[in-house]
Amino acid sequence: MFPNSSNLGRPPFHPKYQQPSNFFKLPFNLSPTLSHQQIIDTQFNCQNVDLPRTLLGGNLSPIPAQSLSYGNGSPIRTSTSPVFRGRKRLSNEQNVPLDVKRQRFHSPHHESTVANQTVPLPDERRYSAPGSVTPPLLHSYYVPDLVRSVPPFREAPFSEPREITLPVAKDELSQQVLNVFQVCQQRTCDLKKKELCRTQLQREIQLIFPQSRLFLVGSSLNGFGTRSSDGDLCLVVKEEPVNQKTEARYILSLVQKHFCTRLSGYIERPQLIPAKVPIVKFRDKVSCVEFDLNVNNIVGIRNTFLLRTYAYLESRVRPLVLVVKKWASHHEINDASRGTLNSYSLVLMVLHYLQTLPEPILPSLQKNYPESFSSSMQLHLVHQAPYTIPPYLSKNGSALGDLLLGFLKYYATEFDWNNKMISVREAKALPRPDGVEWRNKFICVEGQR
(Lines give C-alpha, C1' and ligand atoms only; values in the text may rest on other atoms or scores of the structure.)
Protein backbone atom coordinates (compact mmCIF):
# COMPACT_ATOMS: atom_id res chain seq x y z
CA MET A 1 0.00 0.00 0.00
CA PHE A 2 2.90 2.36 0.77
CA PRO A 3 6.41 2.33 -0.72
CA ASN A 4 9.00 1.45 1.90
CA SER A 5 6.18 0.68 4.30
CA SER A 6 7.81 -2.04 6.38
CA ASN A 7 7.42 0.06 9.51
CA LEU A 8 3.75 0.96 9.29
CA GLY A 9 2.13 0.25 12.63
CA ARG A 10 5.44 -0.92 14.06
CA PRO A 11 7.85 1.23 16.01
CA PRO A 12 11.44 1.71 14.83
CA PHE A 13 14.14 -0.01 16.82
CA HIS A 14 17.84 0.70 17.12
CA PRO A 15 20.02 -1.73 15.12
CA LYS A 16 21.91 -2.91 18.16
CA TYR A 17 18.67 -4.24 19.66
CA GLN A 18 17.38 -5.89 16.50
CA GLN A 19 16.94 -9.61 16.47
CA PRO A 20 17.19 -11.82 13.37
CA SER A 21 -31.09 12.19 7.06
CA ASN A 22 -32.21 8.84 7.80
CA PHE A 23 -29.67 6.23 7.47
CA PHE A 24 -30.98 2.71 7.04
CA LYS A 25 -34.05 3.65 8.97
CA LEU A 26 -34.82 0.09 9.97
CA PRO A 27 -36.00 -1.11 13.36
CA PHE A 28 -33.71 -3.68 14.96
CA ASN A 29 -36.60 -6.12 15.12
CA LEU A 30 -36.67 -6.18 11.33
CA SER A 31 -39.45 -8.23 9.86
CA PRO A 32 -38.22 -11.21 7.85
CA THR A 33 -40.65 -10.24 5.10
CA LEU A 34 -38.98 -6.91 4.46
CA SER A 35 -38.19 -6.63 0.76
CA HIS A 36 -35.43 -4.94 -1.15
CA GLN A 37 -37.78 -2.25 -2.39
CA GLN A 38 -38.52 -1.12 1.18
CA ILE A 39 -34.85 -0.54 1.74
CA ILE A 40 -33.74 0.88 -1.59
CA ASP A 41 -35.16 4.34 -0.96
CA THR A 42 -33.45 4.73 2.37
CA GLN A 43 -30.79 7.34 2.72
CA PHE A 44 -27.27 7.12 4.02
CA ASN A 45 -25.55 9.52 6.32
CA CYS A 46 -21.76 9.79 6.46
CA GLN A 47 -19.94 12.45 8.38
CA ASN A 48 -19.26 15.59 6.31
CA VAL A 49 -20.68 13.94 3.17
CA ASP A 50 -24.05 14.60 1.59
CA LEU A 51 -24.71 10.94 1.04
CA PRO A 52 -28.41 10.96 0.10
CA ARG A 53 -27.79 12.94 -3.09
CA THR A 54 -24.33 11.49 -3.66
CA LEU A 55 -25.22 7.84 -3.35
CA LEU A 56 -28.76 7.69 -4.61
CA GLY A 57 -27.75 9.80 -7.59
CA GLY A 58 -24.77 7.57 -8.24
CA ASN A 59 -22.44 10.57 -8.56
CA LEU A 60 -19.51 10.46 -6.17
CA SER A 61 -17.91 13.87 -5.89
CA PRO A 62 -14.20 13.73 -5.15
CA ILE A 63 -13.18 14.86 -1.68
CA PRO A 64 -10.89 17.89 -1.97
CA ALA A 65 -7.37 17.16 -0.86
CA GLN A 66 -4.35 19.29 -0.17
CA SER A 67 -0.68 18.60 0.30
CA LEU A 68 0.80 18.71 3.79
CA SER A 69 4.53 18.46 4.42
CA TYR A 70 6.10 16.76 7.40
CA GLY A 71 9.72 16.13 8.25
CA ASN A 72 11.89 16.47 5.16
CA GLY A 73 9.12 18.13 3.21
CA SER A 74 7.76 15.05 1.49
CA PRO A 75 4.10 15.75 0.77
CA ILE A 76 1.40 13.81 2.58
CA ARG A 77 -2.03 14.02 1.04
CA THR A 78 -4.75 15.03 3.42
CA SER A 79 -8.37 16.03 2.98
CA THR A 80 -8.52 18.47 5.85
CA SER A 81 -6.36 21.42 6.71
CA PRO A 82 -4.34 21.00 9.90
CA VAL A 83 -5.32 23.69 12.34
CA PHE A 84 -2.99 25.03 15.01
CA ARG A 85 -5.09 26.18 17.92
CA GLY A 86 -2.44 26.42 20.56
CA ARG A 87 -0.89 29.58 21.90
CA LYS A 88 -0.44 32.47 19.51
CA ARG A 89 3.03 32.37 17.99
CA LEU A 90 5.36 35.33 17.83
CA SER A 91 5.12 37.34 14.64
CA ASN A 92 8.55 36.22 13.44
CA GLU A 93 7.44 32.58 13.67
CA GLN A 94 4.22 32.88 11.80
CA ASN A 95 5.82 32.02 8.46
CA VAL A 96 7.92 29.13 9.70
CA PRO A 97 7.29 26.13 7.45
CA LEU A 98 5.13 23.38 8.89
CA ASP A 99 7.90 20.80 8.59
CA VAL A 100 10.18 22.92 10.83
CA LYS A 101 7.42 23.27 13.40
CA ARG A 102 6.84 19.55 13.37
CA GLN A 103 10.54 18.80 13.94
CA ARG A 104 10.35 20.52 17.30
CA PHE A 105 7.99 17.78 18.36
CA HIS A 106 10.99 15.59 19.14
CA SER A 107 14.19 17.59 18.61
CA PRO A 108 15.55 20.67 16.82
CA HIS A 109 18.65 18.67 15.89
CA HIS A 110 17.33 15.32 14.72
CA GLU A 111 17.03 14.70 11.01
CA SER A 112 13.55 14.96 9.64
CA THR A 113 11.66 11.86 8.62
CA VAL A 114 8.53 10.78 6.86
CA ALA A 115 5.93 8.40 8.15
CA ASN A 116 6.89 5.36 6.14
CA GLN A 117 10.67 5.37 6.54
CA THR A 118 12.79 3.65 9.12
CA VAL A 119 13.77 6.05 11.90
CA PRO A 120 16.61 4.61 14.01
CA LEU A 121 16.59 5.45 17.67
CA PRO A 122 19.30 8.12 18.24
CA ASP A 123 22.36 7.10 20.24
CA GLU A 124 22.01 10.20 22.38
CA ARG A 125 18.72 11.25 23.93
CA ARG A 126 17.73 14.65 22.59
CA TYR A 127 15.30 17.14 23.98
CA SER A 128 12.86 19.53 22.37
CA ALA A 129 13.71 23.19 22.49
CA PRO A 130 13.33 26.03 19.99
CA GLY A 131 16.43 27.41 18.35
CA SER A 132 19.82 25.87 17.84
CA VAL A 133 21.13 26.12 21.41
CA THR A 134 21.67 22.75 23.04
CA PRO A 135 19.16 22.59 25.90
CA PRO A 136 20.10 21.41 29.37
CA LEU A 137 19.49 17.82 30.30
CA LEU A 138 16.04 17.52 31.76
CA HIS A 139 15.01 15.04 34.41
CA SER A 140 13.39 11.95 32.91
CA TYR A 141 11.52 9.36 34.89
CA TYR A 142 12.99 5.88 35.00
CA VAL A 143 11.18 2.93 36.51
CA PRO A 144 13.55 -0.07 36.52
CA ASP A 145 10.84 -2.55 37.50
CA LEU A 146 8.69 -1.61 34.52
CA VAL A 147 11.21 -0.99 31.76
CA ARG A 148 12.39 -4.22 30.19
CA SER A 149 13.48 -5.00 26.67
CA VAL A 150 10.62 -5.75 24.29
CA PRO A 151 11.72 -7.64 21.15
CA PRO A 152 11.23 -5.65 17.95
CA PHE A 153 9.19 -6.72 14.96
CA ARG A 154 11.13 -8.65 12.36
CA GLU A 155 11.31 -6.90 9.03
CA ALA A 156 8.40 -7.81 6.77
CA PRO A 157 6.21 -5.95 4.27
CA PHE A 158 3.36 -4.17 5.97
CA SER A 159 1.14 -3.32 3.03
CA GLU A 160 -2.30 -4.76 2.48
CA PRO A 161 -2.11 -8.57 2.73
CA ARG A 162 -3.48 -8.96 -0.80
CA GLU A 163 -5.17 -7.01 -3.54
CA ILE A 164 -8.91 -6.96 -2.96
CA THR A 165 -11.31 -6.33 -5.83
CA LEU A 166 -14.62 -4.99 -4.62
CA PRO A 167 -17.63 -7.14 -5.50
CA VAL A 168 -19.83 -6.17 -8.41
CA ALA A 169 -23.17 -4.66 -7.36
CA LYS A 170 -26.08 -6.19 -9.25
CA ASP A 171 -28.87 -4.36 -7.38
CA GLU A 172 -29.44 -0.87 -6.07
CA LEU A 173 -29.01 -1.67 -2.37
CA SER A 174 -25.69 -3.41 -2.99
CA GLN A 175 -24.54 -0.40 -4.98
CA GLN A 176 -25.46 1.91 -2.11
CA VAL A 177 -23.46 -0.25 0.30
CA LEU A 178 -20.43 0.00 -1.99
CA ASN A 179 -20.88 3.75 -2.35
CA VAL A 180 -20.94 4.26 1.40
CA PHE A 181 -17.84 2.10 1.78
CA GLN A 182 -15.91 3.98 -0.89
CA VAL A 183 -16.81 7.39 0.53
CA CYS A 184 -16.27 6.60 4.21
CA GLN A 185 -13.40 4.09 4.30
CA GLN A 186 -10.11 5.24 5.81
CA ARG A 187 -7.74 6.68 3.21
CA THR A 188 -4.02 6.11 2.90
CA CYS A 189 -3.40 9.71 3.93
CA ASP A 190 -5.44 9.20 7.12
CA LEU A 191 -3.32 6.22 8.10
CA LYS A 192 -0.09 8.04 7.28
CA LYS A 193 -1.01 10.90 9.61
CA LYS A 194 -1.63 8.51 12.48
CA GLU A 195 1.57 6.58 11.79
CA LEU A 196 3.62 9.79 11.70
CA CYS A 197 2.24 10.82 15.08
CA ARG A 198 2.93 7.36 16.52
CA THR A 199 6.54 7.45 15.32
CA GLN A 200 7.27 10.80 16.90
CA LEU A 201 5.39 10.10 20.11
CA GLN A 202 7.43 6.95 20.57
CA ARG A 203 10.64 8.98 20.52
CA GLU A 204 9.32 11.18 23.28
CA ILE A 205 8.01 8.33 25.40
CA GLN A 206 11.35 6.53 25.09
CA LEU A 207 12.90 9.41 27.02
CA ILE A 208 10.95 8.04 29.99
CA PHE A 209 10.91 4.33 29.16
CA PRO A 210 13.91 3.68 26.88
CA GLN A 211 12.99 0.11 25.90
CA SER A 212 9.27 0.70 25.40
CA ARG A 213 7.50 0.55 22.06
CA LEU A 214 4.33 2.16 20.80
CA PHE A 215 1.87 0.25 18.59
CA LEU A 216 -0.93 1.55 16.39
CA VAL A 217 -3.90 -0.74 17.00
CA GLY A 218 -7.68 -0.89 16.61
CA SER A 219 -9.75 0.18 13.62
CA SER A 220 -6.98 2.35 12.18
CA LEU A 221 -5.02 -0.78 11.35
CA ASN A 222 -7.45 -3.71 11.34
CA GLY A 223 -9.00 -2.84 7.97
CA PHE A 224 -12.33 -1.58 9.30
CA GLY A 225 -11.44 2.08 9.88
CA THR A 226 -13.35 5.08 8.58
CA ARG A 227 -12.26 8.61 7.83
CA SER A 228 -13.52 9.69 11.25
CA SER A 229 -11.93 6.85 13.24
CA ASP A 230 -9.84 7.90 16.22
CA GLY A 231 -6.34 6.51 16.66
CA ASP A 232 -5.70 3.80 19.26
CA LEU A 233 -2.20 3.36 20.65
CA CYS A 234 -0.77 0.65 22.89
CA LEU A 235 2.40 1.38 24.86
CA VAL A 236 4.30 -1.85 25.63
CA VAL A 237 6.85 -1.48 28.42
CA LYS A 238 7.43 -5.21 29.00
CA GLU A 239 6.11 -8.51 27.68
CA GLU A 240 4.68 -9.53 31.05
CA PRO A 241 1.20 -8.31 32.03
CA VAL A 242 0.94 -5.15 34.12
CA ASN A 243 -1.59 -4.39 36.82
CA GLN A 244 -4.04 -2.03 35.12
CA LYS A 245 -5.18 -0.46 38.41
CA THR A 246 -1.72 0.39 39.72
CA GLU A 247 1.20 -0.01 37.29
CA ALA A 248 -0.67 1.07 34.16
CA ARG A 249 -2.12 4.16 35.84
CA TYR A 250 1.27 5.14 37.17
CA ILE A 251 2.93 4.75 33.76
CA LEU A 252 0.16 6.75 32.09
CA SER A 253 0.45 9.49 34.72
CA LEU A 254 4.11 9.92 33.75
CA VAL A 255 3.20 9.97 30.07
CA GLN A 256 0.46 12.53 30.67
CA LYS A 257 2.85 14.75 32.64
CA HIS A 258 5.41 14.47 29.87
CA PHE A 259 2.80 15.51 27.30
CA CYS A 260 1.71 18.48 29.41
CA THR A 261 5.18 19.80 30.21
CA ARG A 262 7.14 19.13 27.04
CA LEU A 263 4.63 18.71 24.22
CA SER A 264 1.92 21.23 25.07
CA GLY A 265 2.46 22.96 21.73
CA TYR A 266 1.55 19.81 19.84
CA ILE A 267 -0.56 17.67 22.17
CA GLU A 268 -3.91 19.09 23.20
CA ARG A 269 -6.04 18.12 26.19
CA PRO A 270 -4.12 15.07 27.52
CA GLN A 271 -6.44 13.47 30.07
CA LEU A 272 -5.91 10.36 32.17
CA ILE A 273 -9.12 8.31 32.21
CA PRO A 274 -9.05 5.79 35.11
CA ALA A 275 -11.23 3.15 33.46
CA LYS A 276 -10.97 -0.63 33.79
CA VAL A 277 -8.25 -0.35 31.17
CA PRO A 278 -6.95 3.18 31.87
CA ILE A 279 -6.08 5.40 28.94
CA VAL A 280 -4.68 8.83 28.18
CA LYS A 281 -6.90 10.70 25.73
CA PHE A 282 -5.37 13.51 23.71
CA ARG A 283 -5.52 15.32 20.39
CA ASP A 284 -2.62 15.83 18.03
CA LYS A 285 -2.82 19.43 16.85
CA VAL A 286 -0.89 18.78 13.64
CA SER A 287 -2.92 15.87 12.31
CA CYS A 288 -6.13 16.90 14.14
CA VAL A 289 -6.60 13.24 15.17
CA GLU A 290 -7.94 12.15 18.56
CA PHE A 291 -5.95 9.36 20.23
CA ASP A 292 -6.48 6.89 23.09
CA LEU A 293 -3.28 5.47 24.58
CA ASN A 294 -3.25 2.40 26.84
CA VAL A 295 -0.47 0.37 28.46
CA ASN A 296 0.35 -3.28 27.76
CA ASN A 297 -3.05 -4.23 26.37
CA ILE A 298 -1.36 -7.06 24.49
CA VAL A 299 -4.67 -8.71 23.58
CA GLY A 300 -5.58 -5.58 21.63
CA ILE A 301 -2.45 -5.89 19.50
CA ARG A 302 -3.14 -9.54 18.71
CA ASN A 303 -6.79 -8.85 17.93
CA THR A 304 -5.84 -6.04 15.56
CA PHE A 305 -3.98 -8.45 13.30
CA LEU A 306 -6.60 -11.17 13.69
CA LEU A 307 -9.31 -8.80 12.45
CA ARG A 308 -6.98 -7.50 9.76
CA THR A 309 -6.70 -11.05 8.44
CA TYR A 310 -10.50 -11.44 8.38
CA ALA A 311 -10.86 -8.05 6.67
CA TYR A 312 -8.80 -9.08 3.66
CA LEU A 313 -9.93 -12.70 3.51
CA GLU A 314 -13.04 -12.03 1.41
CA SER A 315 -14.00 -8.98 -0.64
CA ARG A 316 -17.46 -8.50 0.90
CA VAL A 317 -16.30 -8.34 4.52
CA ARG A 318 -15.02 -4.77 4.74
CA PRO A 319 -17.94 -3.05 2.94
CA LEU A 320 -20.50 -4.93 5.03
CA VAL A 321 -18.76 -4.21 8.34
CA LEU A 322 -18.33 -0.52 7.59
CA VAL A 323 -21.96 -0.04 6.59
CA VAL A 324 -23.18 -1.84 9.73
CA LYS A 325 -20.97 0.43 11.84
CA LYS A 326 -22.39 3.51 10.12
CA TRP A 327 -25.94 2.24 10.54
CA ALA A 328 -25.35 1.58 14.26
CA SER A 329 -23.75 4.97 14.76
CA HIS A 330 -26.68 6.72 13.07
CA HIS A 331 -29.09 4.96 15.42
CA GLU A 332 -26.90 5.77 18.46
CA ILE A 333 -26.17 2.16 19.37
CA ASN A 334 -22.41 2.35 18.78
CA ASP A 335 -21.12 3.98 21.98
CA ALA A 336 -19.87 1.77 24.80
CA SER A 337 -19.70 4.75 27.18
CA ARG A 338 -23.51 4.93 26.95
CA GLY A 339 -24.06 1.23 27.45
CA THR A 340 -24.43 0.29 23.79
CA LEU A 341 -22.16 -1.68 21.47
CA ASN A 342 -18.59 -0.69 20.73
CA SER A 343 -17.17 -1.01 17.23
CA TYR A 344 -15.21 -4.13 18.13
CA SER A 345 -18.39 -5.97 19.14
CA LEU A 346 -20.16 -4.89 15.96
CA VAL A 347 -17.29 -6.23 13.85
CA LEU A 348 -17.46 -9.58 15.66
CA MET A 349 -21.22 -9.73 15.14
CA VAL A 350 -20.79 -9.30 11.37
CA LEU A 351 -17.99 -11.88 11.22
CA HIS A 352 -20.07 -14.36 13.24
CA TYR A 353 -23.05 -13.90 10.91
CA LEU A 354 -20.88 -14.55 7.85
CA GLN A 355 -19.50 -17.69 9.52
CA THR A 356 -22.92 -19.16 10.34
CA LEU A 357 -24.63 -18.89 6.96
CA PRO A 358 -25.75 -22.22 5.42
CA GLU A 359 -22.87 -21.71 2.98
CA PRO A 360 -20.31 -19.80 5.10
CA ILE A 361 -18.49 -16.80 3.68
CA LEU A 362 -15.81 -16.87 6.42
CA PRO A 363 -14.16 -19.70 8.38
CA SER A 364 -12.80 -19.65 11.93
CA LEU A 365 -9.19 -18.59 11.55
CA GLN A 366 -8.34 -19.63 15.10
CA LYS A 367 -9.55 -23.18 14.43
CA ASN A 368 -8.11 -23.53 10.94
CA TYR A 369 -4.75 -21.83 11.65
CA PRO A 370 -4.14 -22.17 15.40
CA GLU A 371 -0.38 -21.70 15.06
CA SER A 372 -0.81 -18.31 13.35
CA PHE A 373 -3.10 -16.92 16.06
CA SER A 374 -1.77 -18.58 19.19
CA SER A 375 -1.76 -16.41 22.30
CA SER A 376 1.75 -17.73 22.99
CA MET A 377 3.17 -16.31 19.75
CA GLN A 378 5.83 -13.70 20.43
CA LEU A 379 4.60 -10.17 20.04
CA HIS A 380 7.11 -9.18 17.35
CA LEU A 381 5.76 -11.94 15.06
CA VAL A 382 2.00 -11.31 15.21
CA HIS A 383 2.02 -8.88 12.27
CA GLN A 384 3.00 -11.70 9.93
CA ALA A 385 -0.31 -13.58 10.27
CA PRO A 386 -2.26 -11.69 7.56
CA TYR A 387 0.39 -12.65 5.01
CA THR A 388 0.44 -16.36 5.82
CA ILE A 389 -3.29 -17.08 5.41
CA PRO A 390 -4.56 -17.81 1.89
CA PRO A 391 -7.79 -16.15 0.67
CA TYR A 392 -11.00 -17.98 1.48
CA LEU A 393 -13.03 -19.12 -1.52
CA SER A 394 -16.68 -19.32 -0.56
CA LYS A 395 -19.40 -20.89 -2.70
CA ASN A 396 -21.85 -18.34 -1.32
CA GLY A 397 -22.43 -15.71 -4.00
CA SER A 398 -24.89 -13.52 -2.07
CA ALA A 399 -24.90 -9.83 -2.94
CA LEU A 400 -24.00 -7.19 -0.36
CA GLY A 401 -27.60 -6.01 -0.17
CA ASP A 402 -28.84 -9.52 0.62
CA LEU A 403 -26.11 -9.94 3.26
CA LEU A 404 -27.04 -6.66 4.93
CA LEU A 405 -30.71 -7.62 5.14
CA GLY A 406 -29.74 -11.11 6.28
CA PHE A 407 -27.55 -9.66 9.06
CA LEU A 408 -30.44 -7.59 10.41
CA LYS A 409 -32.88 -10.48 10.15
CA TYR A 410 -30.50 -12.93 11.83
CA TYR A 411 -30.02 -10.83 14.95
CA ALA A 412 -33.60 -9.51 15.04
CA THR A 413 -35.53 -12.75 14.65
CA GLU A 414 -33.24 -15.79 14.67
CA PHE A 415 -30.49 -15.46 17.26
CA ASP A 416 -31.37 -16.78 20.74
CA TRP A 417 -30.21 -13.89 22.93
CA ASN A 418 -31.43 -15.47 26.15
CA ASN A 419 -29.39 -18.65 25.85
CA LYS A 420 -26.62 -18.08 23.35
CA MET A 421 -23.38 -16.15 23.02
CA ILE A 422 -21.75 -14.94 19.80
CA SER A 423 -18.41 -16.66 19.11
CA VAL A 424 -16.11 -15.94 16.17
CA ARG A 425 -13.47 -18.27 17.59
CA GLU A 426 -15.80 -21.28 17.25
CA ALA A 427 -17.74 -19.93 14.23
CA LYS A 428 -21.02 -20.71 15.96
CA ALA A 429 -23.28 -19.64 18.82
CA LEU A 430 -22.14 -21.01 22.19
CA PRO A 431 -24.20 -21.56 25.34
CA ARG A 432 -24.50 -18.37 27.30
CA PRO A 433 -22.05 -18.42 30.27
CA ASP A 434 -23.29 -18.23 33.84
CA GLY A 435 -20.49 -16.06 35.24
CA VAL A 436 -21.21 -12.94 37.25
CA GLU A 437 -19.78 -10.70 34.54
CA TRP A 438 -22.40 -11.96 32.06
CA ARG A 439 -25.44 -11.33 34.24
CA ASN A 440 -27.83 -8.57 33.19
CA LYS A 441 -26.18 -8.50 29.76
CA PHE A 442 -28.64 -8.73 26.91
CA ILE A 443 -26.00 -9.11 24.19
CA CYS A 444 -23.10 -11.50 24.86
CA VAL A 445 -20.14 -11.43 22.47
CA GLU A 446 -17.10 -13.58 23.19
CA GLY A 447 -13.92 -11.54 23.01
CA GLN A 448 -10.97 -13.02 21.11
CA ARG A 449 -7.98 -14.28 23.06
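Residues numbered from 1 in each chain as written. Predicted model: local features only at pLDDT ≥ 70, side-chain atom pairs only at ≥ 80, totals over all residues. Heavy atoms only, no water.

The protein chain is annotated in an unreviewed UniProt entry as Poly(A) RNA polymerase GLD2 of Phascolarctos cinereus. Reading the Catalytic activity (unreviewed entry) entry of the UniProt record for the protein chain gives the comment "RNA(n) + ATP = RNA(n)-3'-adenine ribonucleotide + diphosphate". Word for word, the UniProt comment on the protein chain under Subcellular location (unreviewed entry) is "Cytoplasm". (UniProt positions renumbered as here; feature names shortened; annotations may be inferred.)

J.: Describe in detail helix H7 (residues 298-311), supporting the description with residues and values.
T.: In this model, H7 (14 residues) spans 20 Å end to end at C-alpha, consistent with the 20 Å of a helix rising 1.5 Å per residue. In terms of residue burial, H7 counts as a mostly covered element, since twelve of its 14 residues are buried. Taken residue by residue, H7 has Ile298, Ile301, Arg302, Asn303, Thr304, Phe305, Leu306, Leu307, Arg308, Thr309, Tyr310 and Ala311 as its buried positions. Residues of H7 that are buried sit in contact with strand S3 (213-217), strand S4 (231-236), helix H8 (317-330), helix H9 (343-355), helix H10 (365-368) and helix H11 (385-388). (Helix = DSSP H or I, 4+ residues; strand = E, 2+ residues; numbered from the N terminus. Expected span 1.5 Å × (residues − 1). Buried < 20%, exposed > 50% of the residue type's maximum accessible area, 1.4 Å probe, protein only. Contact = heavy atoms within 4.5 Å.)

J.: Outline the sheet that holds strand S7 (residues 289-295), listing residues and values.
T.: Here we have five strands laid out as an open sheet, ordered S3-S4-S7-S6-S5, and mixed in their pairing. On the outer flanks of this sheet lie S3 and strand S5 (267-273), each paired with one strand and no other. The sheet shows a mean angle of 25° between the axes of neighbouring strands, direction not considered. As paired elements, strand S6 (residues 279-284) and S7 share five bridges and run antiparallel to each other. Its bridge partner being in S7, aspartate 284 is matched across the sheet by valine 289. The sheet contacts of helix H6 (residues 247-262) involve S4, S5, S6 and S7, and relative to S5 the element is tilted by about 160°. Lying on the sheet, H7 is in contact with S3 and S4; it crosses S3 at an angle near 45°. (Pairing = 2+ DSSP bridges. Axes fitted to C-alpha atoms, helices over the stretch in contact; angles between N-to-C directions.)

J.: Summarise the packing of aromatic side chains; cite the residues concerned and give the values.
T.: We describe a pair of aromatic rings using the distance from one ring centre to the other and the angle between the two ring planes. Counted according to the given criterion, the structure contains eleven aromatic pairs. An aromatic cluster is built from Tyr353, Phe407, Tyr410, Tyr411, Phe415, Trp417 and Phe442, whose rings are joined through pairwise contacts. (Phe/Tyr/Trp six-rings, centres within 6.5 Å; stacked < 30°, edge-to-face > 60°.)

J.: Any chance you could break down the pairing of strand S8 (residues 420-423) for me, citing the residues and the numbers?
T.: Pairing between S8 and strand S9 (residues 428-431): four bridges, direction antiparallel. Directly across from serine 423, in S9, lies its bridge partner lysine 428. Connecting S8 to the antiparallel partner S9 that follows it, the hairpin turn spans four residues, and alanine 427 within it adopts a positive phi of roughly 60°.

J.: Mind laying out the nonpolar core, listing which residues take part and the relevant values?
T.: The biggest cluster of nonpolar side chains holds 49 residues, and the ones touching the most others in it are Tyr310, Met349, Leu351, Tyr353, Leu354, Phe407 and Tyr411. Listed by contribution, the elements that provide at least two residues to this core are helix H4 (172-184), H7, H8, H9 and helix H12 (400-414). If we ignore the near neighbours within four places in the chain, the residues touching phenylalanine 407 are Val324, Met349, Val350 and Tyr353. (Core = buried A, V, L, I, M, F, W, Y, C linked by side-chain atoms within 4.5 Å.)

J.: Can you break down the packing of H8 against H12 residue by residue, with the values?
T.: Packing of H8 against H12 leaves a shortest axis separation of 10 Å and a crossing angle of 50°. Compared by their axis directions, H8 and H12 come out oblique. Along this stretch, H8 crosses H12, giving a crossing that reads as right-handed. Where H8 abuts H12, its residues Pro319, Leu320, Val323, Val324 and Trp327 lie against Leu400, Leu403, Leu404, Phe407 and Leu408. (Parallel < 35°, antiparallel > 145°, perpendicular 65-115°, else oblique. Left-handed = near helix turned anticlockwise from the far one by under 90°.)

J.: Tell me about the pattern of salt bridges, residues and numbers included.
T.: Tallied over the entire structure, the rule returns 13 salt bridges. Arginine 198 is paired through a salt bridge with glutamate 195; the nearest N and O atoms lie 2.8 Å apart. Taken together, the positions of arginine 198 and glutamate 195, both in helix H5 (residues 188-205) and three residues apart, correspond to about one turn of that helix. In this structure, arginine 198 and glutamate 195 share a single accessibility class: buried. Between lysine 367 and glutamate 426 there is a salt bridge, with its nearest N and O atoms 3.8 Å apart. (Salt bridge = Lys/Arg side-chain N within 4 Å of Asp/Glu carboxyl O.)

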